[in-house]
Amino acid sequence: MTKMLITGGAGFIGSNFVHYTLQNYPDYQLTVIDKLTYAGNPDNLAGVLEKIEFVTGDICDRELVDRLVSETDIVVHFAAESHNDNSLRDPWPFVESNLVGTASILEAVRKHGKRLHHISTDEVYGDLELDDPAKFTPETPYNASSPYSSTKAGSDLLVKAWVRSFGIHATISNCSNNYGPYQHIEKFIPRQITNILSGIKPKLYGEGKNVRDWIHVDDHNNAVHAIIEKGRSGETYLIGADGEENNKYIVETILELMGKDKNDYEHVNDRPGHDMRYAIDATKLREELGWEPKYTNLRAGLEATIDWYTENRAWWEAEKAKVEAAYAEKGQ
Ligand code: NAD
Ligand code: DAU
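Quantities reported herein were computed from a predicted structural model and do not represent experimental measurements. Each chain carries its own residue numbering, running from 1 in the direction its sequence is written. A letter from A marks each chain and a number from 1 marks each ligand, given out in the order of writing. Since the coordinates come from a predicted model, pLDDT governs what is reported: local features require at least 70, and pairs of side-chain atoms require 80 or more to be given and counted, while whole-chain, interface and lining totals use all residues. For the side-chain quantities, the full set of heavy atoms in the structure was used; hydrogens and water were omitted.

A. Focus on the nonpolar core. Counting 54 residues, the largest nonpolar core has Met4, Val76, Ile239 and Ile254 as the members making the most contacts within it. The residues contacting Ile254, other than those within four sequence positions of it, are Ile189, Gln192, Ile193, Ile196, Leu302 and Ile306. In plain words, nonpolar cores are sets of buried Ala, Val, Leu, Ile, Met, Phe, Trp, Tyr and Cys residues tied together by side-chain atoms within 4.5 Å. Only protein chains enter the accessibility calculation, which uses a 1.4 Å probe; a residue is then buried when its area is under 20% of its type maximum, exposed when over 50%, and partly exposed in between. Core analysis: the second largest hydrophobic core is formed by 20 residues, Val65, Ala79, Ala108 and Leu116 among them. Residues count as neighbours in contact if any of their non-hydrogen atoms are within 4.5 Å of one another.

B. Inspection of the pairing of strand 1 (residues 2-7) at higher detail. Pairing between strands is defined by DSSP: at least two bridges between the two strands are required. Note on conventions: DSSP H or I runs of at least 4 residues are helices, E runs of at least 2 residues are strands, and numbering of each starts at the N terminus. Bridge count between strand 1 and strand 2 (residues 28-34): six bridges; the pairing is parallel. Bridge pairing in strand 2 links Lys3 to Gln29. Convention used here: a crossover is right-handed provided that the path from the first strand, over the helix, to the second strand proceeds clockwise when the strands point away from the viewer. Handedness of the crossover is the feature at issue here: the chain leaves strand 1, passes through helix 1 (residues 12-24), returns alongside strand 2, and the resulting connection is right-handed. Sheet topology note: the strand 1/strand 4 (residues 74-77) ladder contains four bridges and is parallel. Note on strand 4: the bridge partner recorded for Thr7 is His77.

C. How the structure looks around the sheet that holds strand 2. Strand order in the open sheet made by the seven strands is 3-2-1-4-5-6-11, with parallel pairing throughout. Both edges of this open sheet fall to strand 3 (53-56) and strand 11 (236-239), since each of them pairs with a single strand only. Each neighbouring strand pair of the sheet contributes to a mean axis angle of 20 degrees, computed without reference to strand direction. What counts as an axis is a line fitted to C-alpha atoms, over the stretch in contact for a helix, and the angles between N-to-C directions run from 0 to 180 degrees. Lying over the sheet, helix 5 (residues 147-166) contacts strand 5 (115-121), strand 6 (169-175) and strand 11, oriented at roughly 155 degrees with respect to strand 5.

D. Local environment of the environment of Gly101. On the secondary structure map, Gly101 appears in helix 4 (residues 92-112). C-alpha of Gly101 to C-alpha of Gly240: the two residues are 139 residues apart in sequence and 26 Å apart in space. The contact partners of Gly101, leaving out residues within four places of it in the chain, are Ile59, Cys60 and Glu96.

Encoded structure:
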């Protein structure tokens, strides 16, 4: 058995990673460390908690992290503050969890000589123009826009520095926008689905021309496994599934799939500093590691995601009023 420590395993992507790993990689013995912030929910791991070790704790707690890292073979580091809009309301938790937290993991990995895979985002590269044929590649210069993306960029640079200066065994992946089950309802797609289910109109920032490169969370996670198995130490792999669509298209498609008038949404205040377009060139991942995405039909993926939120009202309903009140304060 290979021991794997997963940080942030009670969040959206981390919990899907736990489920995916248990189903597809039975040779891993899993430990999760999660602070259980507003975004972490042990219910995301319902049914599998007895198969893993779950530790409620903060990755900034260096003593705890040191012990857990000393007991594992590999660390897969998902834990972070992840929402841009929250980073505009209060950047501080982002500095702590994303920068200090990553440094704490790195120091333990260095001390105990363990393997690290660091989960990051395409947002570290800033944004692209709508009419630019370019996509992000591993050579694109870092140019992050928000407190969230800049702390993620900083965390990547910390990993790169620990590789170069101390020779730790680490890989980095920068992925595009994920969707799927267990995503917090503050995020774009689940917010609109749960708005419609709650009798609230979907909310589009600005004109809705901004483009995101959507990928199903299981495709992100199977790419992470490919990198863990075959990735070269010190390398960065970009993960994306050619899923570029603008926000207006996504809102209209969700409305249509839910049997509503596709124009029944409202425009709300735009996000300050709103990145225009993200697009991933995943050639390195595809050619070097032989990875291919499985869930490339976005419409079918949205349909399945709508079904999940419709069937799991108890998972999100208690949070809805609070999330919407926070957005309403900003006219969003
Ligand atoms: P999320 O907000 O749903 O989950 C984050 C998890 O980390 C939560 O369970 C939270 O409790 C935990 N956490 C936060 N701070 C912690 C701390 N100090 N100590 C321990 N646990 C802590 O986020 P997500 O969308 O699942 O994102 C996971 C990772 O993937 C992040 O690193 C994010 O930057 C990256 N990422 C996300 C996307 C996306 O589309 N959501 C895309 C690319 C990369
Ligand atoms: O690109 C990867 C990133 O994707 C991850 O690093 C982040 O953790 C993740 O949150 C996501 O960031 P975005 O800011 O792109 O995602 P969000 O779901 O917040 O918004 C997606 C787009 O939808 C963005 O252009 C803003 C817009 N939006 C968002 C909300 C919540 C709306 O138009 N209306 C909304 O109500």
